[in-house]
Structure formats: structure tokens, C-alpha cells
Amino acid sequence: MRLAGFHIENFKSIGAGGCLIRIDEIVVLIGRNNAGKSTILDAYEALASSGAALDVEFFHDQDPSVPIVITGFFDQVSPEDEERIGKGWRFAHDEFGDCVVFRYVWSVPLEKARKQSFDPDTGEILR
């Protein structure tokens, strides 16, 4: 599987509206100072950490009453990947095409995130 992109909500300077990041062969982040480039890299690191605990400074406006949500979109799912995660977890996503989707939700500072997946038939969150 390959990470094709991720969506960030309520993480550091990124609020509830969120930010969708597409990942291709080459990723370049360009912007003025304090535009959020490092925030995007920190969010990628949080996703790659498998939901490791985050300090209160990572919550948007340092407000832990609003959970952080980082959703990963994975494409290029091999038969081995499907064997490991189970069959039937692919979605037809508007932005990423045929992909596997899961997300991490941090509700409390200094606690590991909850990993959630989605039912491919209904699109509903499975806890």
C-alpha cells in the first residue's frame, strides 16, 4: 500500500475546515513563513506514528475539547496487503480513486489516538 494522501482537522494551525494533502512521486510544500508547512509535516509524522500520544500544543488553538482527526488514503493495495487487512475494505473515493481509508482520532492530550476504519458499503465509521 502507498499513502496517496491525508486529510488533517483540528491540528495545530489547521482548524475544523481541514486540509487535504495529495501525495505523488514528488511533494513540494511552498509558502510564506507561518503558512503551515511544518504543521503539515507534523501531521504526516503523527499519522505515520500509528497514533502516538500528542501534547496539548498539537490541538488547534490548544483546545483539547475538539479532537484531532487525521485520515489516511492508501492506494496501490497489493494482494498481500488485502490478505493482511482483509478483503472488502476498498472505497471508490472521488479524490483518490480505489483506496483503503482509515483515520486516527486524538481526543485527549498525552493519550494514544483511536484508530477508526470505514465500512466500504455504507461509508460509516467503525469504531
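Note that the structure is predicted; figures quoted are calculated from it, not measured. (Residues numbered from 1 in each chain as written. Predicted model: local features only at pLDDT ≥ 70, side-chain atom pairs only at ≥ 80, totals over all residues. Heavy atoms only, no water.)

A few points about the layout of surface pockets
- In this structure, the largest pocket spans a volume of roughly 200 Å³.
- Forming the walls of the largest pocket are Met1, Arg84, Ile85, Trp89, Val100, Val101, Phe102, Lys115 and Ser117.
- Listed by contribution, the elements that provide at least two residues to the lining of the largest pocket are helix H2 (79-85), strand E5 (97-106) and strand E6 (114-118).
- Residue contributions to the lining of the largest pocket peak at three residues, all from E5. (1 Å grid on protein atoms, 1.4 Å probe; cavity = no way out; pocket = protein on both sides within 12 Å on 5 of 7 lines; lining within 4 Å. Points joined across faces, edges and corners; volume = space filled by probe spheres on them. Helix = DSSP H or I, 4+ residues; strand = E, 2+ residues; numbered from the N terminus.)

Concerning the pairing of E6
- Bridge count for E5 against E6 is four bridges, and the pairing is antiparallel. Counted as the bridge partner of Val105 is Arg114 from E6.
- Note that E6 and strand E7 (residues 125-126) share two bridges and pair antiparallel. What sits directly across from Ser117, in E7, is Leu126.
- The loop that links E6 with its antiparallel partner E7 comprises six residues; one of these, Gly123, has a positive phi angle of about 80°. (Pairing = 2+ DSSP bridges.)

Regarding the side chain of Thr71
- Positionally, Thr71 belongs in strand E3 (residues 68-75).
- Among residues more than four places away in sequence, those in contact with Thr71 are Gly5, Phe6, His7, Val101, Phe102, Arg103 and Phe118. (Contact = heavy atoms within 4.5 Å.)

Some remarks on the nonpolar core
- Core analysis: the largest hydrophobic core is formed by 22 residues, its most contacted members being Phe6, Ile8, Phe11, Leu47, Ile68, Ile70 and Trp106.
- At the level of elements, strand E1 (2-9), helix H1 (37-48), E3 and E5 are the ones that each hand at least two residues to this core.
- Once residues lying within four places of it in the same chain are set aside, the contact partners of Ile68 are Glu9, Asn10, Phe11, Leu54, Phe58, Phe59, Tyr104, Val105 and Trp106.
- Ranked by size, the runner-up nonpolar core spans seven residues in total, among them Ala4, Phe73, Phe91 and Phe96. (Core = buried A, V, L, I, M, F, W, Y, C linked by side-chain atoms within 4.5 Å. Buried < 20%, exposed > 50% of the residue type's maximum accessible area, 1.4 Å probe, protein only.)

Overview of the packing of aromatic side chains
- Applying the stated rule across the entire model yields seven aromatic pairs.
- Where Phe11 meets Phe58, the ring centres are 5.7 Å apart and the plane angle is 40°; that geometry is what we call tilted. With Phe11 in the loop between E1 and strand E2 (19-22) and Phe58 in the loop between H1 and E3, this pair connects stretches of sequence that are 47 residues apart.
- Of the residues examined, Phe11 reaches a relative accessible area of 0% and is grouped as buried.
- Geometrically, the ring pair formed by Phe73 and Phe96 is stacked, given 4.6 Å between the ring centres and 20° between the ring planes. You can see Phe73 sitting in strand E3 and its partner Phe96 sitting in the loop between strand E4 (90-93) and E5, a full 23 residues away along the chain. (Phe/Tyr/Trp six-rings, centres within 6.5 Å; stacked < 30°, edge-to-face > 60°.)

A short note on the confidence of the model for the chain
- Counting all residues, the mean pLDDT for the chain is 92, and 99% of those residues have values of 70 or more.
- Here E7 is the element of the chain with the lowest mean pLDDT, 77, and H1 is the one with the highest, 98. (pLDDT = per-residue confidence, 0-100.)

Digging into H1
- With 12 residues, H1 ought to run about 16 Å at 1.5 Å a step, and its terminal C-alpha atoms sit 17 Å apart, in line with that.
- Residues Thr39, Ile40, Ala43, Ala46 and Leu47 constitute the buried set of H1. Along the axis of H1, the buried residues cluster in a sector spanning 120°; they form a single face. Residues of H1 that are exposed and angled more than 90 degrees away from the buried face: Ser38, Leu41, Glu45 and Ala48.
- Where H1 is buried, its residues meet E1, E2, E3 and E5.
- At the C-terminal side of H1, Ser50 shows a positive phi close to 60°. (Expected span 1.5 Å × (residues − 1). Arc of directions from axis to C-beta.)

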